[in-house]
Amino acid sequence: MKFSLCIPMYNEASIIENTARMLSAYMSEHFEDYEILFSNDGSTDDSAAIVSALGLPFVRVVGYEENRGKGAAVREAVLASSGDIVMFTDADLAYGTEVISRVVNAFEENPQADAVIGSRNLHKDGYEGYTALRKLASKAYIRLLCVAGGLRLSDSQCGCKAFRGDLARRIFSYCQVNGFAFDFEAIMIGTRMGARFFELPVKVIHHRESKVHVLSDALKMVKDVQKMKKRVAKLEFGE
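Summarised in this report is the structure supplied together with it. Not measured: the values here are computed from a predicted model.

Applying the stated criterion to the full structure yields eight salt bridges. K70 is paired through a salt bridge with D90; the nearest N and O atoms lie 2.7 Å apart. On the criterion of sequence distance, the pair formed by K70 in helix α3 (residues 70-80) and D90 in the loop between β4 (85-88) and α4 (98-109) is long-range, its members being 20 residues apart. Among the ionic pairs, K161 bridges to D183, the shortest N-O distance being 2.7 Å. Residue K161 is found in strand β6 (residues 161-164), and its partner D183 is found in helix α7 (residues 182-192); the two are separated by 22 residues along the sequence. The same class applies to K161 and to D183, which are both buried. Each of K2, E35 and R60 takes part in a single network of salt bridges with overlapping partners.

With that settled, the discussion passes to the environment of V74. Checked against the element boundaries, V74 lands in helix α3. In sequence terms V74 and T89 are 15 residues apart; their C-alpha atoms lie 9.1 Å from each other. Setting aside residues no more than four positions away along its own chain, V74 makes contact with P8, F88, F172 and F182.

Core analysis: the biggest nonpolar cluster contains 37 residues, and F3, M27, F38, M87 and I100 have the highest contact counts within it. Among the elements that line this core, the one with the most residues is α4, at six residues. If near-sequence neighbours (up to four positions away) are discounted, M27 is found in contact with F3, L5, Y34, I36 and I100. Listed in part, the 31 residues of the second largest apolar core include F182, A186, M188 and A195.

On to the packing of helix α1 (residues 16-30) against α4. Packing of α1 against α4 brings their axes to within 10 Å, and their N-to-C directions diverge by 35°. Of the two elements, α1 crosses α4, and the hand of that crossing is right-handed. Two secondary-structure elements touch here, α1 through L23, Y26, M27 and H30 and α4 through E98, I100 and S101. Across the contact of α1 with α4, the residue classes break down as four nonpolar, two polar and one charged.

Below, the discussion takes up the packing of aromatic side chains. Counted under the stated rule, the structure contains six aromatic pairs. An angle of 50° between the planes, with centres 5.6 Å apart, marks the rings of F88 and F182 as tilted. Placement of the pair is F88 in strand β4 and F182 in helix α7, with a sequence separation of 94 residues. By the burial criterion, F88 is buried, and F182 matches it. Aromatic ring contacts, followed pair by pair, group F88, F163, F172 and F182 into a single cluster. For the cation-ring pair, R68 lies above Y64, with the distance from its terminal atom to the ring centre recorded as 4.0 Å.

This paragraph deals with the pairing of strand β2 (residues 34-41). Within β2, eight of the eight residues are buried, which leaves the element mostly enclosed by the surrounding structure. In β2, alternate side chains face the same way, and those of Y34, I36, F38 and N40 on one face and E35, L37, S39 and D41 on the other are all buried. Here strand β1 (residues 3-9) pairs with β2 via seven bridges, running parallel. What sits directly across from L5, in β2, is I36. Assessed by its sense of winding, the connection that carries the chain from β1 through α1 to β2 is right-handed. Pairing of β2 with strand β3 (residues 59-64) involves six bridges; the strand directions are parallel. Its bridge partner being in β3, S39 is matched across the sheet by V62. Where the polypeptide runs from β2 across helix α2 (residues 47-54) and back to β3, its parallel neighbour, the crossover connection is right-handed.

Our focus in this paragraph is the pairing of β4. Two faces make up the sheet, and in a regular strand the side chains alternate between them. Neither face of β4 is left uncovered, since the one carrying I85 and M87 and the one carrying V86 and F88 both have all their residues buried. Pairing between β1 and β4: four bridges, direction parallel. Paired with S4 across the two strands is V86, which belongs to β4.

Cut-off values and rules
Counting restarts for each chain: residues are numbered from 1 in the order of the written sequence. A pLDDT threshold of at least 70 governs which residues receive local features in this predicted model, and a stricter bar of 80 or more applies before side-chain atom pairs are shown or counted, although totals over entire chains, interfaces and linings include all residues. Heavy atoms from the whole structure form the basis of all side-chain values; hydrogens and water molecules are not counted. Think of a salt bridge as a Lys or Arg side-chain nitrogen and an Asp or Glu carboxyl oxygen that are within 4 Å of each other. Starting at the N terminus, helices and strands are each numbered in turn, a helix being any DSSP run of H or I of at least four residues and a strand any DSSP run of E of at least two. A simple rule labels every residue: compare its accessible area, found with a 1.4 Å probe on the protein chains alone, to the largest value its type can have, and call it buried under 20%, exposed over 50%, or partly exposed in between. Contacts are assigned to residue pairs with any non-hydrogen atoms lying within 4.5 Å of each other. Put simply, buried Ala, Val, Leu, Ile, Met, Phe, Trp, Tyr and Cys residues joined by side-chain atoms within 4.5 Å make one nonpolar core. In this analysis an axis means a line fitted to C-alpha atoms, helices contributing only their contacting stretch, and an angle means the value between N-to-C directions, from 0 to 180 degrees. Left-handed describes a crossing in which the near helix is turned anticlockwise from the far one by less than a right angle; the clockwise case is right-handed. Only Asp, Glu, Lys and Arg are considered charged in this grouping, and only Ala, Val, Leu, Ile, Met, Phe, Trp, Tyr, Cys and Pro are considered nonpolar; every other residue, Gly among them, is considered polar. Between rings of Phe, Tyr and Trp, where Trp is taken as its six-membered ring, a pair exists when centres lie within 6.5 Å; planes separated by under 30 degrees are stacked, by over 60 edge-to-face, and by other angles tilted. Note on criteria: charge over ring means Lys NZ or Arg CZ within 6 Å of the ring centre, with the direction from the centre no more than 35 degrees off the ring normal. Two strands qualify as a pair provided that DSSP identifies no fewer than 2 bridges between them. For a crossover, the right-handed case is the one in which the path from the first strand over the helix to the second runs clockwise, viewed with the strands pointing away from the viewer.

Here's what the structure looks like:
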């Protein structure tokens, strides 16, 4: 089994070397066949050059020159992947590295699952370290989006998701959303394709300020999700 790990990055020069080294060490210890794809979302700093200069085995940089958004970066990496399992998580490794092996175990223990979706709401310490206000805002935000999109997952915005490889590449070949709503689009398309989702309890280990501004982004996201829902409903999938 080959495992593809996709890391979107935008101006992550301050942390990306440490991230690349940590992931390379972890993957080489736990996997025989793997690849790590850092997807450069038009960074204006040296993020891409830093990763490339490390010369780490089975690590490569993909991407493009102009900033498009996290969704575009994840899509670029997924479509360039070749693994039997394709996972994406954030450059700050918010959920740590052990979650990677837990994802593999979840697939092995649930062979019917087509995708493993991380959920902070299923872990008793999922929101440990969050302020009460940020926790409340995050939960309300997720609930609002799920109602708008008609989804039942407990944490659609968790930055830790994995798919069977062929399904991942098929789903993302239909994706168009470049911004933060891309998770929703991928899940909606997967649902239309009949994919079976398994939720994995996760907790945030490394905290940093979120790039999503809940109050200002919420209404825009709801509108985006509603438009997305209509578009996805009209999709026709080829073999």
